[in-house]
Amino acid sequence: MSRIGKIPVAVPKNVKVGVDSSHVHVEGPNGKLELRLPCGIHVELKDSRLIVGRTADTKQDRSNHGTIRAHLVNMITGVTQGHKKELELQGVGFRAQLHGKKIVFNLGFSHPIEFEVPAQVKVTVPVQTSIILEGADNIAVGQAAASIRAIKPAEPYKGKGIRYVGEIVRRKQGKSVTK
C-alpha cells in the first residue's frame, strides 16, 4: 500500500467534488478543475474526504496511487487558495512588459521575445524585472513558469537570465589571467 496514497484527502466545505468512474471534478471559489483517473485507480467520497484506492497491485497501479492522491491535494489547494510562482530577471537591460495576454521580453537578444500566456494562468508584472504567475491549476502555473525560465536560464558566470525568486545559481570562477 502506498504510504502517500492511503492518506485520505480532506475536502473543505466551500469545495464541491464530483466523482464518477473515470473523472474527478473539483469546484471552488478560484475555479474548476478536472482530473482523469487512470485504469486501476478509483476514488470515492466519504464524509467530506476523498479516499484513493487501486484495483490491482501492479507496479504501475502502485505508482499511480500516490500520484493521483497528490494531484487531488493540489487541485483542492488550487481551487481554494491558488498556486503562485514568482520569477525575476537579472541582467543589465533585461525587462519584461505585459501586453494583454502576452509578455514581451527584452533579454539581450537581437529581437524582443513574445510569450503567449495560457488562459488558466493570471500574470502580473509589478516591476520590469519581476513576473508573478497565479492560477488554480498547479501544472499549468508550473509549466508556464518553466517555459518562461527556459527562454533565458540563468548562466553560471555572471548569473544573468531568468530565475525563480530565491533560486540559488551556482557561480563559476571564470578565466584567470596567468603571467
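Residues numbered from 1 in each chain as written. Predicted model: local features only at pLDDT ≥ 70, side-chain atom pairs only at ≥ 80, totals over all residues. Heavy atoms only, no water.

Enquirer: How would you summarise the nonpolar core if you had to cite specific residues and measurements?
Expert: Within the largest apolar cluster, 20 residues are counted, with the highest numbers of intra-cluster contacts made by Leu89, Ile103, Phe105, Val121, Ile131, Leu133 and Ile148. Where this core is concerned, the elements lending two or more residues are strand E7 (83-90), strand E9 (102-106), strand E10 (113-116), strand E12 (130-135) and helix H2 (138-151). At 5 residues, the largest contribution of residues to this core is made by H2. Contact partners of Val121, with chain neighbours within four places excluded, come to Lys101, Leu133, Glu134, Ala140, Val141 and Ala144. Membership of the second largest hydrophobic core comes to 19 residues, among which are Val15, Leu33, Ile41 and Leu72. (Core = buried A, V, L, I, M, F, W, Y, C linked by side-chain atoms within 4.5 Å. Buried < 20%, exposed > 50% of the residue type's maximum accessible area, 1.4 Å probe, protein only. Helix = DSSP H or I, 4+ residues; strand = E, 2+ residues; numbered from the N terminus. Contact = heavy atoms within 4.5 Å.)

Enquirer: I'd like a rundown of the pattern of salt bridges, residues and numbers included.
Expert: Within the structure shown, the criterion is met by 6 salt bridges. For Lys84, the salt bridge goes to Glu86, with nearest N and O atoms at 3.7 Å. Overall, Lys84 belongs to the partly exposed group, its relative accessible area being 49%. Classification of Glu86 as partly exposed rests on a relative accessible area of 33%. Between Arg149 and Glu167 there is a salt bridge; the shortest N-O distance is 2.7 Å. Of this pair, Arg149 sits in helix H2 while Glu167 sits in the segment after strand E13 (161-164), and the two are 18 residues apart along the sequence. The exposure class assigned to Arg149 is partly exposed, which follows from its relative accessible area of 23%. (Salt bridge = Lys/Arg side-chain N within 4 Å of Asp/Glu carboxyl O.)

Fair warning: the whole summary comes from geometry, so function is off the table for now.
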